Amino acid sequence: MKKQLITTAIAGLMTLSFNATANENAFNDGDKAVEYRQKALSVMQQNFAAMAAMVKGEVEYNADFFQRRADDFEKMSGIPWAGFGVEGAMPGNNSDALTAIWDNWDDFQQRANDLQEYAAKLAEVSQEGSIDSIKPVFMDAAKTCKGCHDEYKD
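It should be emphasised that the depicted structure is a prediction, and the values quoted were computed from it without experimental measurement.

J.: What is the right way to look at the side chain of T144 in this model?
T.: The topology assignment puts T144 in helix α6 (residues 131-152). Take T144: its relative accessible area is 15%, and that puts it in the buried class.

Okay, structure coming up:
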């Protein structure tokens with residue numbers, strides 16, 4: 001029993017060590033970092049578009065569906081930004097990101113933080129189930145997205 005416990009502990013430590021190394025090296029390749037951020041932003045966009053259709057009245061408002069989309073949008077809102085801070089992940093043939101991101105890094109980071117705050121607020125207000133209380137928060141998030149795209153996306 002004691003030998004099995006030690007073996008399990010060693011295996012667990014080796015797994016943790018491997019995971020730490022894998023995470024540490026996940027974005028050593030700029031192309032992989034670009035792909036990572038693009039996929040994360042795409043998932044965010046899909047969730048946001050589904051909510052936008054309800055806010056605009058293009059599809060019937062469904063409180064449960066909206067809340068799930070808002071929750072997913074919030075969860076994703078912190079994910080793509082790591083893919084911008086990797087050497088070699090600057091724009092090129094495989095990205096619509098403008099060099100202005102890296103020229104104005106502090107502003108870009110602030111916009112990312114603002115989006116995360118609006119995403120959290122949107123997820124919170126969506127729990128109330130009222131489209132009237134959701135709309136202004138949704139519009140704040142939408143303006144933040146658009147502002148960043150206007151400045152930093154080709």
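The structure having been displayed, the exposition proceeds.
J.: In this structure, what is going on with the nonpolar core? I would like to understand it.
T.: Soluble, globular proteins show a tendency: their nonpolar side chains are buried together. Within the largest apolar cluster, 32 residues are counted, with the highest numbers of intra-cluster contacts made by M51, F66, L122 and F138. Only α2 (30-55), α3 (63-76), α4 (100-103), α5 (105-126) and α6 provide two or more residues apiece to this core. If we ignore the near neighbours within four places in the chain, the residues touching L122 are M51, F66, A70, I134, V137 and F138.

J.: How should α3 be read in this particular structure?
T.: Think of an α-helix as 3.6 residues a turn; residues three or four steps apart then line up on the same face. Helix length check: α3 (14 residues) gives 20 Å between terminal C-alpha atoms against 20 Å at 1.5 Å per residue, within 8%. Among all positions of α3, only F66, R69, A70, F73 and M76 are buried. All buried residues of α3 lie within an arc of 125 degrees about the axis, which places them on one face of the element. Those residues of α3 that are exposed and aimed more than 90 degrees away from the buried face are D64 and K75. The secondary structure elements touched by the buried residues of α3 are α2, α5 and α6. Where α3 starts, the residue carrying a side-chain oxygen 3.1 Å from the main-chain nitrogen of D64 turns out to be N62.

J.: Which parts of the structure should I look at to understand the confidence of the model for the chain?
T.: Should pLDDT be low for a region, the predicted coordinates there are not to be read in detail. Taken over all residues, the pLDDT of the chain has a mean of 84, while the share at 70 or more is 81%. Scored below 50 in pLDDT, residues 1-23 shows 0 contacts in the model against residues more than four places distant or in partner chains.

J.: How do you make sense of the packing of α2 against α6 when you look at a structure like this?
T.: Each pair of packed helices can be described by the angle between their axes along with the distance between the axes. Two elements in contact, α2 and α6, have axes separated by 11 Å at closest approach and are oriented at 130 degrees. Classified by the angle their axes make, α2 and α6 are oblique. For the crossing formed where α2 meets α6, the hand is left-handed. Every residue of α6 that contacts α2 at F48, M51, A52, M54 and V55 is listed here: I131, K135, F138, A141 and A142. Classifying every residue of the contact of α2 with α6 gives 9 nonpolar, no polar and 1 charged.

J.: Whenever I open this one, the side chain of R69 confuses me. Can you help?
T.: Checked against the element boundaries, R69 lands in helix α3. In this structure, R69 is in contact with N47, A50 and M51, ignoring residues within four places of it in sequence.

J.: Would you explain the environment of N104 in this entry?
T.: Inspection of the secondary structure assignment puts N104 in the loop between α4 and α5. Of the residues examined, N104 reaches a relative accessible area of 37% and is grouped as partly exposed.

Calculation criteria
Residues numbered from 1 in each chain as written. Predicted model: local features only at pLDDT ≥ 70, side-chain atom pairs only at ≥ 80, totals over all residues. Heavy atoms only, no water. Helix = DSSP H or I, 4+ residues; strand = E, 2+ residues; numbered from the N terminus. Buried < 20%, exposed > 50% of the residue type's maximum accessible area, 1.4 Å probe, protein only. Core = buried A, V, L, I, M, F, W, Y, C linked by side-chain atoms within 4.5 Å. Contact = heavy atoms within 4.5 Å. Expected span 1.5 Å × (residues − 1). Arc of directions from axis to C-beta. Polar contact = N/O pair within 3.5 Å; in protein donor to acceptor, adjacent residues only side chain to side chain. pLDDT = per-residue confidence, 0-100. Axes fitted to C-alpha atoms, helices over the stretch in contact; angles between N-to-C directions. Parallel < 35°, antiparallel > 145°, perpendicular 65-115°, else oblique. Left-handed = near helix turned anticlockwise from the far one by under 90°. Nonpolar A, V, L, I, M, F, W, Y, C, P; charged D, E, K, R; others polar.

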